[in-house]
Amino acid sequence: MNSYGDPSSPRARAQVPGSNGDPGVAPAGRASLGGAPAGRASASVPPRATGASGGASVGRAGAGRASVPVSPAPGGRPGAGRASVPVSPAPGSAGRASVGVGSAGRASVGAAAVGGRAAVARAGVAPVSGGGPGGPGGPHGPGRGGSGGGRGPSDPDAVARAKKRRRINMLIAGFAVFIMLAGIGVIGFTYYSTSVVLPNQINLPLATTIYASDNKTPIAKVGEQNRTFVSIGQIPPHVRDAVAAAEDKNFYRHSGVDYKGIARAAWNNLSGGDKQGASTITQQYARNAYENLQDDSYARKVKEAIVASKLNDQFTKEQIMEHYLNTIYFGRNAYGIEAAAQAYFGKSVSRVDVAEAAVLAALIKQPEPTATHKGYDPAVNLPDAKARWDYVIANMVSEGWVDSPNHPPRPTAYPSKTLQTPKESRAGQKFGVNNPIGNVVNYLVPEMREKKLCTDNEAEATDRKPLCSLMLKQGGYRIRTTIDMKVQRAIIGAAQRSTKGSELEGTKKNLMAAAVSIDPRNGRVLGYYGGDDGTGTDYAGKNTDANGNVTGGHSPGSSFKIYTLAAAIDAGKAIDSRWKGKAFTPDGVKFRVSNAGTDNPSCGDSCTLRESTLKSLNVPFYHVSLDIGADKIVDMAKRAGVSMMWQTNTSPPKGHDLTKADAKELAPDPFYHVVAYGQYPITVLDHANGIATFANKGVYNKAHFLLSAEKQNKDTGKWEKLGGEQLKPQKRINPDVVADVTNVLEDYPAKVNHVLDGGRKATAKTGTWELKEGTDENGDAWMVGYTPQLATAVWVGNKGKREAIKMKDGRNISGSLMPGDIWERVMDDSLKGEEKLDFPPAANFGDKEAGNGTPPPPPPPVPGQQPQDCGPLGLFCPQNPNGGGNQNPNDPRGPDGDGDGDNDGNDGGGGGGILPTLSPRRE
């Protein structure tokens, strides 16, 4: 009982002048309400007083009675059981006391009878106003009701009003009793009829964490909510104690329900005040976990209490705390304690110390700003966050949870040094797919569908094999990807505009880059960049537009000649076979086939495939397509790993799945002979996969992102493996063909000034496609290439509207410029510290006489110089002192031995020694 209800309490006594020297005690038979004369009712100040036998006492409230401030009213015999409400003063006769509403001869003072005590609940009695005729100092003396105090008892209106008020009070009281009885019935019925689902059966949205190949570095999180389930054993005791100190320090002592909170919510609900939330941890958990407890109402509050009570009966405090900490929101898009620990401190909750635990606990009250308060995120409202932290720590001390035996010491400082800003927050920033790594996530579900880790048949769905459409949305998985953070950082650092020092920094806003790196030995995608938002366009892969059309390719230009060269060699055409190189107009078409920048190259109509590749000539490769058939080129690209190609004579371009069609059905219609030099768009991912097959000596491994998938067991908290990588290498291209292609492409990095660090052996090929017909401006530019360990494809083009792509200095971007710079940086940074490996030697496969070109004319004699007789095999001429090959002017490969007719010394050849290297001819 509180002090106001205890007669022995000092706070229950009131000084009453002239009452036999005993303050607070009135003579028998008199009502003592302040210091009024015997038999008079006089309202006093709020202090309570006890009454002697037969007096009316304002002090103790009878059970279920309520009192409110009153003014003097006619007194007499107290009316037992009457409710009191504020009234205006009314005249009364001596010996009668009325507190509240009463007619002559009755007093309503709580529940008092004549000769007994009137108990006026717990509320004070308001003082009487004075100064008027009926007040103190008036003609009738202190406390008397005079003529100025209102109408007399003979006034019929006053009697009528009193009767009316009495009837109203009776109705109110009756209604209140009905409500109470009905409420008890509803509560009882609800309690016994409410079925509480076990907490581990509640389908709380969980996050799926996506890891890099090291299985430690989280690169993204997806799902409806950023939540990772942790068992109570993974949550340190000081974290649990901090939360209890912040939200419910009596958690371990009460039955799970705050009855005062229920009453407060009920009153506010009836009076139209603010809705009150739950108070105990158990009630908070009930409200957050059960959907039917999400609204703000008195009925919800009652049901919430019932659910909390049942939870408290059925589960231990540790179980309730476990599920509570996995349910609640902490701000920064973090649901549950594990996500919160990652969001605010970049670590698992198991490694959070006491000071950090108090920060997390302090957030629960209000993690994010509202219109009335800034919340308790330290990055937003540090002063209040620290004050709340102090409150948590103080409660932990008072409860003995710190600074006591077997407990950690009290923290001495706020943990500002370990706090992450929202920008640094892993959970907050990398949740979802709206980030640069987001496009990687988009490949995971299709791969899991392919590996039968999920199903599209609802009847087949199980907990271990869920519906593919809901797999990542519902969450609860841990997925290890193939992404190597060393390679990924290299790609982002070179190709992402927003990265300081990237090749796109400061360039025109229309420019976009995409890059993909693959390990040729297994098909693992080690690095991937297709844009800054996985919910937008993926410039490195396939997309689907609003009409369901698959889009995403870019014209590869001359970089596609890798497949044309391989198809020619595979068809028996040696890399030294000669082909016509001069521009011409094919029969039956209106366009002219020419080389970029020249109609008549230096090799004329006697261009070897090697020379045509290194000089990136178009005409010889068009002749190759006419000779072997465009379908052979399409088929070679398909065998290497190009899965889709788009025809460009439709709007939008129509995509064709090469894996589901015979190349003969696709070429030369719709893929005409211009396929030989890269008119038809392909994706960056496919191009990287294609050249990776060449890097792996013709053995194809499908590019993939999934290494393993695990699902968490909610009962144990342990991760159970569902499945993972399934390598299926396929020998698709003759290794001799690959060896010759590689031998040609090895010379290319030097041609475009992109030799790798330390002289590392690498192949490369550039490609450029025009912005539109009839212009010398470019719309797409590529550089692709590989070492035995890494294959990388880089594209630079437009983001959005197609415009001319320009360097900062205004030059047209070609493959050797920005794409080449990105490619070189990615390869060097990714391979730093890796072993330097060599390629197999050329196989010299095919027939040198297989082309349609003419033998080269003998070089013109040098004036004043007689041709040297070097013997029938040219073995006896002196070597070029500059190392550029034989000095035999009759050598068909040219003066520097590189086969391109010039003497630039940059394109291979050379060697030295007395005898040149002669490779055997293979059939």
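Cut-off values and rules
Residues numbered from 1 in each chain as written. Predicted model: local features only at pLDDT ≥ 70, side-chain atom pairs only at ≥ 80, totals over all residues. Heavy atoms only, no water. Helix = DSSP H or I, 4+ residues; strand = E, 2+ residues; numbered from the N terminus. Buried < 20%, exposed > 50% of the residue type's maximum accessible area, 1.4 Å probe, protein only. Contact = heavy atoms within 4.5 Å. Areas by Shrake-Rupley, 256 points an atom, 1.4 Å probe, with all protein chains shown as cover. Pairing = 2+ DSSP bridges. Axes fitted to C-alpha atoms, helices over the stretch in contact; angles between N-to-C directions. Disulfide = S-S within 2.5 Å. Phe/Tyr/Trp six-rings, centres within 6.5 Å; stacked < 30°, edge-to-face > 60°. Lys NZ or Arg CZ within 6 Å of the ring centre and 35° of its normal.

Caption draft 1: Examining the overall build of the protein chain more closely. Along the protein chain, the regular secondary structure elements total 22 helices and 21 strands. The buried share among the 923 residues of the protein chain stands at 51%. Within the protein chain, contacts between residues at least 6 apart in sequence are counted, and of these 67% link residues at least 24 apart. Counting every atom, the protein chain has about 42,500 Å² of accessible surface; 52% of that belongs to carbon and sulfur.

Caption draft 2: The sheet that holds strand β4 (residues 208–211), seen in detail. Taken together, 5 strands build an open sheet; the order of strands is β5-β4-β6-β16-β17 and the sheet is mixed. The open sheet has two edge strands, β5 (218–222) and β17 (719–724), and neither has a second partner. Each strand of the sheet is rotated relative to its neighbour by a mean of 20°, with strand direction disregarded. Both β4 and β5 contribute to a ladder of 4 bridges, which runs antiparallel. Counted as the bridge partner of T208 is V222 from β5.

Caption draft 3: Focus on the state of the cysteines. Enumeration over the complete set of coordinates arrives at 2 disulfides. The residue that forms a disulfide with C454 is C468, at a sulfur-sulfur distance of 2.0 Å. Between C454 and C468 the sulfur-sulfur dihedral comes to about 95°; the bridge is accordingly right-handed. A residue pair is termed long-range when its members are at least 10 positions apart, and C454 in the loop between α12 (444–450) and α13 (468–474) and C468 in helix α13 qualify at 14 residues. The same class applies to C454 and to C468, which are both buried. Two residues share a disulfide in this structure: C603 and C607, whose sulfurs sit 1.8 Å from each other. Handedness of the C603-C607 disulfide follows from its S-S torsion of about 85°: it is right-handed.

Caption draft 4: Representation of the sheet that holds strand β19 (residues 765–770) within the structure. The strand order across the open sheet formed by 5 strands is β8-β7-β21-β20-β19, and the pairing between neighbours is antiparallel. Both outer strands of the open sheet, β8 (524–529) and β19, are each paired with one neighbouring strand and no more. If you compare each strand with its neighbour and ignore which way they point, the axes differ by 10° on average. Here strand β20 (residues 778–786) pairs with strand β21 (residues 791–798) via 6 bridges, running antiparallel. Residue pairing in the sheet places V784 in a bridge with A793 of β21. Here helix α19 (residues 684–695) sits on the sheet in contact with β7 (511–519), β8, β20 and β21, set at roughly 35° to β7.

Caption draft 5: Representation of the packing of aromatic side chains in the model. If you walk through the whole model with that rule in mind, you get 16 aromatic pairs. Arranged with centres 5.5 Å apart and planes meeting at 75°, the rings of Y528 and F705 form a pair that is edge-to-face. One end of the pair, Y528, is in strand β8; the other, F705, is in the loop between β15 (699–700) and β16 (706–712), and 177 residues separate them in sequence. For the residue pair Y528 and F705, the accessibility class agrees, reading buried in each case. Measuring from centroid to centroid gives 6.1 Å for Y539 and W795, while their planes differ by 10°, and the two rings are stacked. Taken together, the residues span a long stretch of sequence, with Y539 in the loop between β8 and β9 (543–544) and W795 in strand β21 at a distance of 256 residues. The pair Y539 / W795 is uniform in exposure class, with both members buried. The ring of F251 has K317 lying over it, and the distance from NZ or CZ to the ring centre is 4.7 Å. Residue placement shows R732 over the ring face of Y700; its charged tip is 3.7 Å from the ring centre.

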